[in-house]
Amino acid sequence: MDVSISRPETTSPTPEDDVARRLLDSSAQLSYDPLTEVDWETPLDKDFHGASPEWSTLYGTAYWNELTDAQRKELTRQEAASVASTGIWFEMILQQMVLRDIYAKDPTADTFQWALTEIADECRHSIMFARGAKKLRAPAYRPHRIAVELGRFFKTVAFGEAAYAAILVAEEVLDVMQRDWMRDERVVPFVRTINNIHVVEESRHMKFARDETRKRLARAGRVRRHIHSVLIAVAAYVITTSMVNRKVYANAGLEEKRAVREAKANEHHKSMMRSSCSGLMEFLASVGLLTKPALIFYKRADLI
């Protein structure tokens, strides 16, 4: 059955419209409703992890080796819930930036309609993450107050390539991580389903973000490019360092101060983060956004 979207023909479609049209057709053919696709009814099975153990912030540390199997599973469930909560926070920022970008633009354009489709996806994802965190029996993990205020500032001032490249940063890091989780049979099934939905639908968002970043940079001068490269890098630092709230350790029954100390020094986790960002860094370098000042923040966040 043909489920592509019918649209009025335009006399001279732009390359951006071509991309948006393909994404709209893809969305019509392959999208999910988390309310019906995810098993919300089956009680949480504590014999499963919440995320692949190798992605735990403590994996490979002396503390990890001391934990019981049950403690490790509880820790990964709390960490997965924290990542989901951070995802909600950034998706709310994303939605506001996209809405501001399309404000008062041509609603008949495919790019406009794709932007609204992306926002609709993000609304569903946020509800899905919220329900998933609750089912993992985790509290509402919120970013540090400073991160919240920086996010408020960023969503207000970011435009053009700064907005779309920051969207790409957040989604690329999650994408690699969640691809591992959704394939891992050690992870609780409903979390695997959530990750699969997010990976499939966010692949379209990342395609659009890359195209928009390139398009906006084509009109950017040298000064603007350098300023935005740093702004994007700071956003990346705040996002990635906010993913796992320090309270996850106490909520998993661990000694918080020791866990935080060992997590910060964990070379295995730093290596995992760098590998997840290799494609992203190649893209940022290819479009001239990997400047020397920006590199300082990426290195501090262990992304390069």
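Residues numbered from 1 in each chain as written. Predicted model: local features only at pLDDT ≥ 70, side-chain atom pairs only at ≥ 80, totals over all residues. Heavy atoms only, no water.

Comments concerning the overall build of the protein chain
Stage number 1. From N to C terminus, the protein chain includes 14 helices and zero strands.
Stage number 2. Expected size for 304 residues packed as a compact globule is a radius of gyration near 19 Å; at 20 Å, the protein chain falls within 12% of this value.
Stage number 3. With the C-alpha coordinates of the protein chain rotated into their principal frame, the extents come out at 65 × 50 × 30 Å.
Stage number 4. Classification of the 304 residues of the protein chain by burial places 53% in the buried group.
Stage number 5. Considering only contacts within the protein chain whose residues lie at least 6 apart along the sequence, 82% involve residues at least 24 apart.
Stage number 6. Split by element, the accessible area of the protein chain, about 14,400 Å² in all, is 56% carbon and sulfur.
Stage number 7. Across the protein chain, 43 positive and 42 negative side-chain charges occur, with their mean positions spaced 7 Å apart. (Helix = DSSP H or I, 4+ residues; strand = E, 2+ residues; numbered from the N terminus. Rg over C-alpha atoms; globule rule 2.2 N^0.38 Å. Buried < 20%, exposed > 50% of the residue type's maximum accessible area, 1.4 Å probe, protein only. Contact = heavy atoms within 4.5 Å. Areas by Shrake-Rupley, 256 points an atom, 1.4 Å probe, with all protein chains shown as cover. Lys, Arg positive; Asp, Glu negative; His and termini not counted. Charge placed at Lys NZ, Arg CZ, Asp CG, Glu CD.)

Some points on unusual backbone geometry
Stage number 1. Not every positive phi belongs to a glycine, and Ala 104 is a case in point at roughly 65°.
Stage number 2. As for its placement among the helices and strands, Ala 104 is situated in the loop between helix 4 (69-102) and helix 5 (110-135).
Stage number 3. Backbone geometry at Asp 302 places phi at a positive 60°, although glycine is not the residue there.
Stage number 4. Along the chain, Asp 302 falls in the segment after helix 14 (292-300).

Some points on the packing of helix 7 (residues 161-183) against helix 8 (residues 189-217)
Stage number 1. As a packed pair, helix 7 and helix 8 sit with axes 8 Å apart at the nearest point and diverge in direction by 155°. One way to sum up the angle between helix 7 and helix 8 is to call them roughly antiparallel. For the pair helix 7 and helix 8, the crossing hand works out as left-handed. (Axes fitted to C-alpha atoms, helices over the stretch in contact; angles between N-to-C directions. Parallel < 35°, antiparallel > 145°, perpendicular 65-115°, else oblique. Left-handed = near helix turned anticlockwise from the far one by under 90°.)

Some details on helix 6 (residues 145-157)
Stage number 1. The terminal C-alpha atoms of helix 6 lie 19 Å apart, and with 13 residues this matches the ideal 18 Å at 1.5 Å per residue to within 8%.
Stage number 2. In the core, the buried residues of helix 6 are packed alongside helix 4, helix 7 and helix 9 (222-241). (Expected span 1.5 Å × (residues − 1).)

Concerning the nonpolar core
Looking at soluble globular proteins, one finds that nonpolar side chains tend to be buried together.
Stage number 1. One finds Leu 58, Leu 75, Phe 190, Tyr 249 and Tyr 298 to be the most contacted residues of the largest nonpolar core, which totals 91 residues.
Stage number 2. Ignoring anything within four residues of it in the chain, the contact list for Phe 190 reads Val 38, Asp 39, Trp 40, Leu 44, Gly 132, Lys 135 and Leu 136. (Core = buried A, V, L, I, M, F, W, Y, C linked by side-chain atoms within 4.5 Å.)

Brief notes about the packing of aromatic side chains
Stage number 1. Across all of its chains, the model carries four aromatic pairs by this definition.
Stage number 2. Taken together, the aromatic side chains of Trp 114, Tyr 164 and Phe 208 make up a single cluster linked through ring pairs.
Stage number 3. Just above the ring of Trp 40 sits the side chain of Arg 131; from NZ or CZ to the centre is 4.6 Å.
Stage number 4. Over the ring of Phe 190 we find Lys 135; its NZ or CZ atom is 4.7 Å from the centre of that ring. (Phe/Tyr/Trp six-rings, centres within 6.5 Å; stacked < 30°, edge-to-face > 60°. Lys NZ or Arg CZ within 6 Å of the ring centre and 35° of its normal.)

Notes on the packing of helix 5 against helix 8
Stage number 1. Contact geometry for helix 5 and helix 8: axes closest at 11 Å, N-to-C directions at 160°. Here helix 5 lies roughly antiparallel to helix 8, going by the angle between them. As for the relative orientation of helix 5 and helix 8, their crossing is left-handed in sense. Each of Trp 114, Glu 118, Asp 121, Glu 122, Arg 124, His 125, Met 128, Phe 129, Gly 132 and Lys 135 in helix 5 lies in contact with helix 8, whose residues at this interface are Phe 190, Ile 194, Ile 197, His 198, Glu 201, Glu 202, Arg 204, His 205 and Phe 208.
Stage number 2. In terms of residue class, the contact of helix 5 with helix 8 is built from seven nonpolar, four polar and eight charged. (Nonpolar A, V, L, I, M, F, W, Y, C, P; charged D, E, K, R; others polar.)

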